[in-house]
Amino acid sequence: MRFSALRILKEGLTGNAGWGPHWRSPEPKREYDVIIIGGGGHGLSTAYYLAKNHGITNVAVLERGYLGGGNVGRNTTIVRANYFLEGNSQFYSHSLKLWEGLEQDLNYNVMLSQRGQLMLCHSDGQRDAYARRGNAIVNQGDDAELWSAEKVREEIPYLDFDNTRFPIYGGLMQRRAGSARHDAVAWGYARGASDRGVDLIQQCEVTGIDIENGRVTGVQTTRGPIRAGKVAQVVAGRSSQVAAMAGMRLPIESTVLQAFVTEGLKPCIDHVISFGMGHFYISQSDKGGLVFGGDIDFYASYAQRGNLPMKEHVMEAAMTLMPVIGKARVLRSWGGIMDMTPDGSPIIDHSGIEGYYINAGWCYGGFKAVPGSGYALAHLMATGQPHDSAAAFRLDRFRTGRGLMDEEGTGAQHNLH
Amino acid sequence: MRLPCPICGERDRREFYYKGHALALNRPDPDADDAEWDDYVHLRDNPAGRTRDLWYHSAGCGAWIVVDRDTVTHEVFGATLAEDAEARDAAG
Ligand SMILES: Cc1cc2nc3c(=O)[nH]c(=O)nc-3n(C[C@H](O)[C@H](O)[C@H](O)COP(=O)(O)OP(=O)(O)OC[C@H]3O[C@@H](n4cnc5c(N)ncnc54)[C@H](O)[C@@H]3O)c2cc1C
Ligand SMILES: [Zn+2]
């Protein structure tokens, strides 16, 4: 089934009775060439690119809940490519390019909205750092503009420009950044993978990894054992538990990240705005709700709900940046479990167990990575070689100390990102 | 979440700085190999359930404490001073 304007018109006139399910729901086979553990954004995109780019279609995605029920459906949907460090920057650049062609590629409306993201700066030092970052971004072929305080004031007049602690000195704008519809990304990849022959198996929790003589041979699941010569774990916040089934410990600590949304308002926030005082960012959804968030809760947790101190902190940040927000009423808040690495950057690598691959450590930034990550993992699994864009996401960089990518410059330690 | 400081009693989470798993107390020998240091600095069990982690009572008495708690329910079972925990570990 393809989406087209004509089809939508026709369905609209005939009671929308002609739409079918977007993907098949087959029973699991006893054996596949490849098993992907985890049906979030990264697992689904990996399956899609295995099939599309490499012709590997005897693939199962095993999801313990429902497709898209994890972080891919809980995030604040910011998409951007304004990372600074070599290793990260080319990866996010590639991922943003994939985003830009995604709707045509998937024939699915992921509602990519390139409304621009503005990172505000509040001191001379921060402005210099943004100028340098902007130049690096432009040098690699992406877009960045350094905005003066006057320019920011013209575009976004309701910010508190003269705050004593965080006066606004300007900002770094990336116009191609923006947001997308999270569920649609998961569904679009799921449909595309399913159409190409990938089996999407929901309500199927992996409970064990079978390893014989240092080689993976399959997995144990709540729906019985399934064999495969290649297995990848793509389970975000649950990475440590699944790795433990393979006898591994990962450089990951799981913490909660919260998000908030207000009641629907008339259009008022045109861009994605990031406050430079730390972590606070905000955008307006197509439904009108102001969607915003801040830092992680900063201790190991699988609670999938947030704590009050961080809620308070986020609200304070919001009021500091744009006092006008005090008029809006918060509708909901929620939390998701983040797989935090010591340096804040991800891992796409072979595990050291023959045939077993790890995709993890996306911290709070893995939504924008969904296309690029699946693309790179599929490449690694199909060819045995890391994709150029993701070659730096090595698991051994922590042990060797070579190639650490600490974007924030706070140190490659667990409690600092 | 409230944490029971052995010196100050039960206090709000805001008063504490989080360091991470109590593994941080078992610092390897300076000459240990890179695998041991990797274990200590980076690798974590990261349990979904009961854990022991290290907190600093920064807005209180300034003690480092080891908290026994559950990462799923946020239930707190108790806390000891890190120096006592260290002494206990050293005694075996
Ligand atoms: C509040 C919040 C805001 C965020 N905002 C942004 C943002 O603005 N921009 C951005 O780029 N990123 C953001 N992120 C981060 C982003 O959402 C994640 O990094 C990304 O979604 C993680 O990858 P995923 O989609 O594959 O994870 P998930 O969707 O969590 O997928 C993992 C799947 O694995 C399954 N699974 C786990 N264990 C097993 C098992 N044993 N067997 C079978 N299946 C299993 C889970 O059920 C889950 O469905 C945010 C996250 C949160 C929580
Ligand atoms: Zn105390």
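Our structure's up above, just so we're on the same page.
Residues numbered from 1 in each chain as written. Chains lettered and ligands numbered in written order. Predicted model: local features only at pLDDT ≥ 70, side-chain atom pairs only at ≥ 80, totals over all residues. Heavy atoms only, no water.

Engineer: Help me understand the coordination of the zinc ion (ligand 2) in this model?
Structural biologist: Between any two of four tetrahedral donors, the ideal angle at the metal is 109.5 degrees; between two of six octahedral donors, it is 90 or 180 degrees. Residue and element names in this part refer to chain B. At the metal site, the zinc ion (ligand 2) is ligated by Cys5 (SG), Cys8 (SG), His57 (ND1) and Cys61 (SG), and these contacts range over 2.1 to 2.3 Å. Donor residues for the zinc ion (ligand 2), ordered by position in the chain, follow C-x2-C-x48-H-x3-C. Residue Cys5 is located in strand β1 (residues 2–5), and its partner His57 is located in the loop between β4 (50–56) and β5 (64–70); the two are separated by 52 residues in the primary sequence. Exposure remark for His57: the relative accessible area of 0% places this residue in the buried category. (Donors = N, O, S within 2.8 Å, 3.2 Å for Na, K, Ca; no water. Helix = DSSP H or I, 4+ residues; strand = E, 2+ residues; numbered from the N terminus. Buried < 20%, exposed > 50% of the residue type's maximum accessible area, 1.4 Å probe, protein only.)

Engineer: For this particular structure, what's the right way to read the side chain of Thr221(A)?
Structural biologist: Residues and elements named next belong to chain A. In this fold, Thr221 is placed in strand β10 (residues 215–221). In this structure the side chain of Thr221 is engaged in a polar contact, spanning 2.8 Å, whose partner is the backbone nitrogen of Arg223. Of note is the side chain of Thr221, whose polar atom sits 2.6 Å from the backbone oxygen of Gly224. (Polar contact = N/O pair within 3.5 Å; in protein donor to acceptor, adjacent residues only side chain to side chain.)

Engineer: Where do I start with the packing of helix α2 (residues 41–54) of chain A against helix α6 (residues 182–195) of chain A in this structure?
Structural biologist: Packed helix pairs are specified by the crossing angle of their axes together with the interaxial distance, meaning the distance between the axes. Residues and elements named next belong to chain A. Direction vectors running N to C along α2 and α6 enclose 35°, while the axes themselves pass 8 Å from each other. The two elements α2 and α6 cross, and the hand of that crossing is left-handed. Taken together, the residues of α6 that come into contact with α2 (itself represented by Leu44, Ser45, Ala47, Tyr48 and Tyr49) are Ala186, Tyr189, Ala190, Gly192 and Ala193. (Axes fitted to C-alpha atoms, helices over the stretch in contact; angles between N-to-C directions. Left-handed = near helix turned anticlockwise from the far one by under 90°. Contact = heavy atoms within 4.5 Å.)

Engineer: What's the story with the site of ligand 1 in this structure? I'm lost.
Structural biologist: Residue and element names in this part refer to chain A. Lining the immediate environment of ligand 1, one finds 38 residues, of which Glu63, Asn71, Val72, Thr76 and Lys368 sit closest. A distance of 2.8 Å separates an oxygen atom of ligand 1 from a polar atom in the backbone of Asn71. Phe367 is positioned such that a nitrogen or oxygen atom in its backbone is 2.9 Å from an oxygen atom of ligand 1. Considered on its own, ligand 1 offers 1,000 Å² of accessible surface; in the complex 96% of this is hidden by protein. Counting residues per element, the ones that place at least two in the shell around ligand 1 are α2, β12 (253–264) and β16 (330–340). When residues of the shell around ligand 1 are assigned to their parent elements, the largest contribution, 3 residues, is made by β12. By residue class, the composition of the shell around ligand 1 is 18 nonpolar, 14 polar and 6 charged. When residues of the shell around ligand 1 are sorted by domain, at least three fall in each of domain 1 (26–113 + 178–251 + 342–416) and domain 2 (114–177 + 253–340). (Near = heavy atom within 4 Å. Areas by Shrake-Rupley, 256 points an atom, 1.4 Å probe, with all protein chains shown as cover. Nonpolar A, V, L, I, M, F, W, Y, C, P; charged D, E, K, R; others polar. Domains from an automatic or database assignment.)

Engineer: What is the right way to look at the pattern of salt bridges in this model?
Structural biologist: Working definition: two side chains of opposite charge can pair if their charged atoms are close together. Residues and elements named next belong to chain A. One pass over the structure, following the stated rule, counts 27 salt bridges over all chains. The partner of Lys52 in a salt bridge is Asp105, with the nearest N and O atoms 3.2 Å apart. Here Lys52, found in helix α2, pairs with Asp105, found in helix α3 (residues 88–106); they are 53 residues apart in sequence, far enough to count as distant. Among the residues examined, Lys52 registers a relative accessible area of 37% and is labelled partly exposed. In this structure, the salt-bridge partner of Arg181 is Asp183, at a minimum N-O distance of 3.2 Å. A relative accessible area of 30% places Arg181 in the partly exposed class. (Salt bridge = Lys/Arg side-chain N within 4 Å of Asp/Glu carboxyl O.)

Engineer: For this particular structure, what's the right way to read the sheet that holds strand β14 (residues 280–284) of chain A?
Structural biologist: Residue and element names in this part refer to chain A. Here 8 strands make up an open sheet; going across it, the order is β5-β6-β4-β13-β14-β15-β12-β16 and the pairing mixed. Sheet topology places β5 (145–148) and β16 at the edges, where each strand pairs with a single neighbour. Along the sheet, successive strands turn relative to each other by an average axial angle of 25°, direction set aside. Note that β12 and β16 share 10 bridges and pair antiparallel. By the bridge assignment, Phe260 is partnered in β16 with Ser333. Where helix α8 (residues 308–321) meets the sheet, it contacts β4 (117–121), β12, β13 (272–275), β14, β15 (289–300) and β16, and its direction lies at approximately 135° from that of β15. (Pairing = 2+ DSSP bridges.)

Engineer: So what exactly am I meant to see when it comes to unusual backbone geometry here?
Structural biologist: Peptide bonds are trans in most cases, and residues, glycine excluded, mostly fall at negative phi. Residue and element names in this part refer to chain A. Of note, Asn16 is a non-glycine position whose phi angle comes to about 50°, a positive value. As for its placement among the helices and strands, Asn16 is situated in the loop between α1 (5–13) and β1 (31–37). Phi is positive for Cys363, close to 50°, though the residue is something other than glycine. Relative to the helices and strands, Cys363 is located in the loop between β18 (356–360) and α9 (370–383).

Engineer: What is the right way to read the sheet that holds strand β3 (residues 17–21) of chain B from this model?
Structural biologist: The strands making up a sheet associate through hydrogen bonds between their backbones, and the pairing can be parallel or antiparallel. All names here are of chain B. Taken together, 4 strands build an open sheet; the order of strands is β3-β4-β5-β6 and the sheet is antiparallel. At either margin of the open sheet sits one strand with a lone partner, and together these are β3 and β6 (76–81). With direction set aside, neighbouring strand axes in the sheet form an average angle of 30°. Of the pairings in the sheet, the one linking β4 to β5 comprises 7 bridges and is antiparallel in character. Following the sheet pairing, Arg50 is matched in β5 by Asp70.

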